Amino acid sequence: MASTTNEPLTEQEILNTYRQMQAEMQSLIQQLTKFEMERNEHALVEETLQPLDPDRRAFRLVGGVLVEQTVREVLPPVKMHQTNVRKLFEVKKRKFRLQEKGAAVWKAKYNIKTQEEVGVYILTSQ
């Protein structure tokens, strides 16, 4: 791309870069939503298993296969997976915030207006 040289960017390159930033942010939002749902599911499973007898039978889906174990065997991996999902969620959230800031800076630098902003401007100036 021309941004690595001293050549000025064309209007099309500026808009393409901004659209790419928006697409990446949308992808991150989808990932965050997926991790949030997974985190909630694991919390519900942990909450349900916690008060049960540790020797009670429990079933766990591992790689598409339902495996019979005890609550004592199932609970630690569920907690560990929930912790890992929480960490992944935080990493993606930080990445989203950085991407959002970068897009805002790019938008301000090149004075990019979205269709909604243009529509609001037209309505308020009439």
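In this text the structure is predicted, and so the values were computed from the model without any measurement.

Quick word on the overall build of the protein
So, step 1. Along its length, the protein carries three helices and two strands.
So, step 2. Taken from the N to the C terminus, the helices and strands of the protein come in the order α-β-β-α-α.
So, step 3. Dimensions of the protein along its principal axes, counting C-alpha atoms only, are 70 × 40 × 20 Å.
So, step 4. Counting only residues that meet the buried cut, the protein has 23% of its 126 residues in that class.
So, step 5. Counted over contacts in the protein with a minimum sequence separation of 6, partners at least 24 positions apart contribute 61%.
So, step 6. Charge-centre separation for the protein: the mean point of 19 positive side chains lies 4 Å from the mean point of 17 negative side chains.

Thoughts on the environment of Glu100
So, step 1. Locating Glu100 in the fold gives a position in helix α2 (residues 71–109).
So, step 2. Between the C-alpha atoms of Glu100 and Met21, which are 79 residues apart in sequence, the distance is 8.2 Å.

As for the pairing of strand β1 (residues 57–62)
So, step 1. The sheet contact formed by β1 and strand β2 (residues 65–70) spans six bridges and is antiparallel. In the strand pairing of β2, Leu61 is matched with Leu66.
So, step 2. Where β1 folds back on β2, the antiparallel hairpin that results is connected by two residues, among which Gly63 adopts a positive phi of roughly 60 degrees.

Concerning the packing of aromatic side chains
Two aromatic rings are characterised by how far apart their centres lie and by the angle between their planes.
So, step 1. According to the stated counting rule, one finds one aromatic pair in the structure shown.
So, step 2. Measuring from centroid to centroid gives 4.7 Å for Trp106 and Tyr110, while their planes differ by 55 degrees, and the two rings are tilted.
So, step 3. The exposure class of Tyr110 is partly exposed, given its relative accessible area of 28%.
So, step 4. For the cation-ring pair, Arg39 lies above Phe89, with the distance from its terminal atom to the ring centre recorded as 4.4 Å.

Quick look at the environment of Val45
So, step 1. Among the structural elements, Val45 can be located in helix α1 (residues 11–49).
So, step 2. Residues Val45 and Val78 lie 33 residues apart in sequence; the distance between their C-alpha atoms is 7.8 Å.

A look at α1
Note that an α-helix has 3.6 residues per turn; residues three or four places apart therefore point the same way.
So, step 1. Taking 1.5 Å per residue as the helical rise, α1 with its 39 residues ought to reach 57 Å, and the 57 Å between its terminal C-alpha atoms agrees with that figure.
So, step 2. Buried within α1 we find Ile14, Thr17, Tyr18, Met21, Met25, Leu28, Leu32, Phe35, Arg39, His42 and Leu49.
So, step 3. If you follow the buried residues of α1, they end up packed against α2.

A look at the layout of surface pockets
So, step 1. Roughly 290 Å³ of internal volume is contained in the largest pocket.
So, step 2. Lining the largest pocket are 16 residues, with Val45, Phe59, Arg60, Val74 and Val78 positioned closest to its centre.
So, step 3. Listed by contribution, the elements that provide at least two residues to the lining of the largest pocket are α1, β1 and α2.
So, step 4. Considered class by class, the residues forming the lining of the largest pocket number 10 nonpolar, two polar and four charged.

About the criteria used
- Residues numbered from 1 in each chain as written.
- Predicted model: local features only at pLDDT ≥ 70, side-chain atom pairs only at ≥ 80, totals over all residues.
- Heavy atoms only, no water.
- Helix = DSSP H or I, 4+ residues; strand = E, 2+ residues; numbered from the N terminus.
- Buried < 20%, exposed > 50% of the residue type's maximum accessible area, 1.4 Å probe, protein only.
- Contact = heavy atoms within 4.5 Å.
- Lys, Arg positive; Asp, Glu negative; His and termini not counted.
- Charge placed at Lys NZ, Arg CZ, Asp CG, Glu CD.
- Pairing = 2+ DSSP bridges.
- Phe/Tyr/Trp six-rings, centres within 6.5 Å; stacked < 30°, edge-to-face > 60°.
- Lys NZ or Arg CZ within 6 Å of the ring centre and 35° of its normal.
- Expected span 1.5 Å × (residues − 1).
- 1 Å grid on protein atoms, 1.4 Å probe; cavity = no way out; pocket = protein on both sides within 12 Å on 5 of 7 lines; lining within 4 Å.
- Points joined across faces, edges and corners; volume = space filled by probe spheres on them.
- Nonpolar A, V, L, I, M, F, W, Y, C, P; charged D, E, K, R; others polar.

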